[in-house]
Amino acid sequence: MSNQNDAGKITIERLSVTYCSGGRTTRAVRGCSFGIPKGGIVGLVGESGSGKTSALMAIPGLLPTGTLVTGRVSCDGTNLAELKEEELAAWRWRRIALVPQGAMNSFTPHLTIGRHITEVLSHHLKMPIKAGRERAAELLETSGLDGFLQARYPHELSGGQKQRAALALALACEPDFLLADEPTTALDVITQKEVLDTIVKIVRGRGMGLLLVTHDLPLAAGICDELIVMKDGEIAESGPARQVSGNPQQPYTKLLIDAIREMDVAR
Ligand SMILES: Nc1ncnc2c1ncn2[C@@H]1O[C@H](COP(=O)(O)OP(=O)(O)OP(=O)(O)O)[C@@H](O)[C@H]1O
Ligand SMILES: [Mg+2]
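Described in the following lines is the structure provided in the data block. As the structure is a computational prediction, the values presented were derived from the model and not from experiment. (Residues numbered from 1 in each chain as written. Chains lettered and ligands numbered in written order. Predicted model: local features only at pLDDT ≥ 70, side-chain atom pairs only at ≥ 80, totals over all residues. Heavy atoms only, no water.)

### Observations regarding the overall build of the protein
Condition: Strands are runs of DSSP state E lasting at least two residues, helices are runs of H or I lasting at least four, and both sets are numbered from the N terminus onward. With the radius of gyration taken over C-alpha atoms, the globule rule is written as 2.2 Å times the number of residues to the power 0.38. Residues are treated as being in contact if the distance between any of their heavy atoms lies within 4.5 Å. The method behind every accessible area is Shrake-Rupley, applied with a 1.4 Å probe, and residues are considered shielded solely by the protein chains displayed. Charge counting follows a simple rule: Lys and Arg are positive, Asp and Glu are negative, and His as well as the terminal groups are ignored. A single reference atom marks each charge: NZ on Lys, CZ on Arg, CG on Asp, CD on Glu.
From N to C terminus, the protein includes nine helices and 10 strands. Relative to a compact globule of 267 residues, whose C-alpha radius of gyration would be 18 Å, the protein shows 18 Å and is just as compact. Its C-alpha atoms give the protein principal-axis dimensions of roughly 55 × 50 × 40 Å. Long-range pairs, those at least 24 residues apart, make up 68% of the contacts in the protein between residues at least 6 apart in sequence. Of the accessible surface of the protein, which amounts to about 13000 Å², a share of 50% is contributed by carbon and sulfur atoms. Between the centroid of the 29 positive side chains of the protein and the centroid of its 30 negative side chains there is a distance of 2 Å.

In structure tokens:
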């Protein structure tokens, strides 16, 4: 089913995510609605456990089997829940790509970085291996790495290089939207800034839509057009980034800003 008003946009309506495991249920996301326009950068911020990853992973339908998901996620008006599994798999690479939380640790150890990328190009775009290797070098260079690094195994790259390689992999099929879950959290502050600058440059240059998950509200405010503040699975506050960070309306948003500022002073 298609809705013309949703063109060029991911729309999340009344999303709820409830995990059911080990006889326990956890309501991780509770009735959240927001949009990610193509050409826009939306920051999803909140403390650990507030439901950021659960909300992000619900978009491409990548939550664990048995998780109860209600609400609607659509892209360009297409309800993603109505796609067949193989159609959704194609969308995940070609339309909505993902840099998952802890991406730097999710490479397969015995495959080179280049092989990770060429397999995606071969599977989703039917690209022959030789052309794939050339494309992999281009993708790594776009992501700020030397193309020759494709011959390396994941353990032969630094954390920052692995994060950039994860970005190159996500960009392999030229998606319209990127979902990046804490893409720089495990990095030192200088490398964090460099990797984020690269992501923003690529996203802005290509007119992509970006959902950036981070716990660092001031950092997100400097990059994003819109900010969504999550608390206990709900949206505590949302709006233009400058407004949310410069004139927060909710005590929780102020708390998040102050907590990061205090950490910065301590550093
Ligand atoms: N696979 C799962 N099974 C059961 N509960 C889960 C699962 N994944 C997350 N949760 C629970 O859902 C809640 C939200 O977790 P989520 O990972 O979405 O938070 P987050 O905001 O991304 O946190 P962080 O900043 O630490 O990454 C937490 O209470 C968490 O324990
Ligand atoms: Mg998370």
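### Topic: the site of ligand 1
Going by this rule: Near, as used in this document, describes a residue that has one of its heavy atoms within 4 Å of the molecule or strand being considered. Identification of polar contacts relies on pairs of N or O atoms within 3.5 Å, with a donor-acceptor requirement for protein atoms, meaning one able to donate a hydrogen and the other able to accept it, and with residues adjacent in sequence counted only if both atoms are side-chain atoms. Throughout this entry, Asp, Glu, Lys and Arg are counted as charged residues, while Ala, Val, Leu, Ile, Met, Phe, Trp, Tyr, Cys and Pro are counted as nonpolar. The remaining residues, Gly among them, count as polar.
Among the 15 residues in the neighbourhood of ligand 1, the closest are listed as S48, G49, K52, T53 and S54. Within the side chain of E182, an N or O atom sits 3.4 Å from an oxygen atom of ligand 1. Look at ligand 1: alone it shows 640 Å² of surface, and the protein chains cover 65% of it. Of all the elements in the fold, those that place two or more residues in the shell around ligand 1 are β1 (9-21), β2 (24-37) and α1 (52-58). Ranked by the residues each element gives to the shell around ligand 1, the list is headed by α1, at three residues. Taken together, the residues of the shell around ligand 1 sort by class into three nonpolar, nine polar and three charged.

### Re helix α3 (residues 113-125)
Think of an α-helix as 3.6 residues a turn; residues three or four steps apart then line up on the same face. How we decide: Multiply 1.5 Å by the residue count of a helix minus one, and that product is the helix's expected span. Any residue under 20% of the maximum accessible area for its type is buried, any over 50% is exposed, and the rest in between are partly exposed; the area is computed with a 1.4 Å probe on protein chains only.
Look at α3: 18 Å from first C-alpha to last across 13 residues, which is about the 18 Å you get at 1.5 Å a residue. Buried residues of α3: I113, G114, H116, I117, T118, V120, L121 and H124, and no others. Where α3 is buried, its residues meet α2 (85-94), α4 (129-142) and α5 (159-170). At the C-terminal side of α3, K126 shows a positive phi close to 55 degrees.

### Quick word on the nonpolar core
Test applied: Nonpolar cores were defined as sets of buried Ala, Val, Leu, Ile, Met, Phe, Trp, Tyr and Cys residues, with membership established by side-chain atoms within 4.5 Å.
Ranked by size, the top nonpolar core spans 50 residues in total, and within it I117, L178, L210, C224 and L227 carry the most contacts. Each residue touching L227, except ones within four places of it in the same chain, is listed here: G43, L217, A220, A221, E237, S238, G239, A241 and V244. With 30 residues, the next largest nonpolar core counts V73, L88, F177 and V213 among its residues.

### With respect to the pairing of strand β4 (residues 68-75)
The condition that has to hold: Two strands pair if DSSP finds at least two bridges between them.
Relative to β4, β1 runs antiparallel, the two sharing seven bridges. Across the sheet, residue E13 finds its bridge partner in β4, namely R72. Of the strand pairs in this sheet, β4 and strand β5 (residues 78-79) are connected by two bridges, and their pairing is antiparallel. Considered in β5, the bridge of C75 is made with T78. In this antiparallel pair of consecutive strands, β4 and β5, the connection spans two residues, and D76 shows a positive phi of 50 degrees.

### Considerations on the sheet that holds β1
Spatial ordering of the open sheet is given by β2-β1-β4-β5, a layout of four strands whose pairing is antiparallel. At either end of the open sheet lies a strand with only one pairing partner, and these are β2 and β5.

### Topic: the coordination of the magnesium ion (ligand 2)
Note the threshold: Any N, O or S atom lying within 2.8 Å of the metal counts as a donor, and for Na, K and Ca the limit rises to 3.2 Å; water is left out, so some sites can look incomplete.
For the magnesium ion (ligand 2), the protein coordination sphere consists of T53 (OG1) and Q101 (OE1), at 2.0 to 2.2 Å. Of the two residues, T53 sits in helix α1 while Q101 sits in the loop between β6 (96-99) and α3, which places them 48 residues apart along the sequence. Given a relative accessible area of 45%, Q101 falls into the partly exposed group.

### Comments concerning the sheet that holds strand β7 (residues 177-181)
Here is the rule: The convention used is that axes are lines fitted to C-alpha atoms, helices contributing only their stretch in contact, and that angles between N-to-C directions extend from 0 to 180 degrees.
Pairing in this open sheet of six strands is mixed, and the strands run β6-β7-β8-β3-β9-β10 from one edge to the other. Strands at the two margins of the open sheet, each flanked by one partner only, are β6 and β10 (234-240). Pairs of neighbouring strands in the sheet enclose a mean axial angle of 15 degrees, with direction left out of account. Bridge count between strand β3 (residues 41-45) and strand β9 (residues 226-231): four bridges; the pairing is parallel. Bridge pairing in β9 links V42 to E226.

### Description of the packing of aromatic side chains
Which entries qualify depends on this criterion: Between 30 and 60 degrees the pair is tilted, below 30 it is stacked and above 60 it is edge-to-face, where a pair is any two Phe, Tyr or Trp rings, Trp via its six-membered ring, whose centres lie within 6.5 Å. Think of it as a cone above the ring: NZ of Lys or CZ of Arg counts as a charge over the ring if it is within 6 Å of the ring centre and within 35 degrees of the ring normal.
In this structure the tally under the stated criterion is zero aromatic pairs. Above the plane of the ring of W91 lies R95, whose end atom (NZ or CZ) is 4.9 Å from the centre. Taking NZ or CZ as reference, K231 lies 5.4 Å from the ring centre of Y252, over its face.

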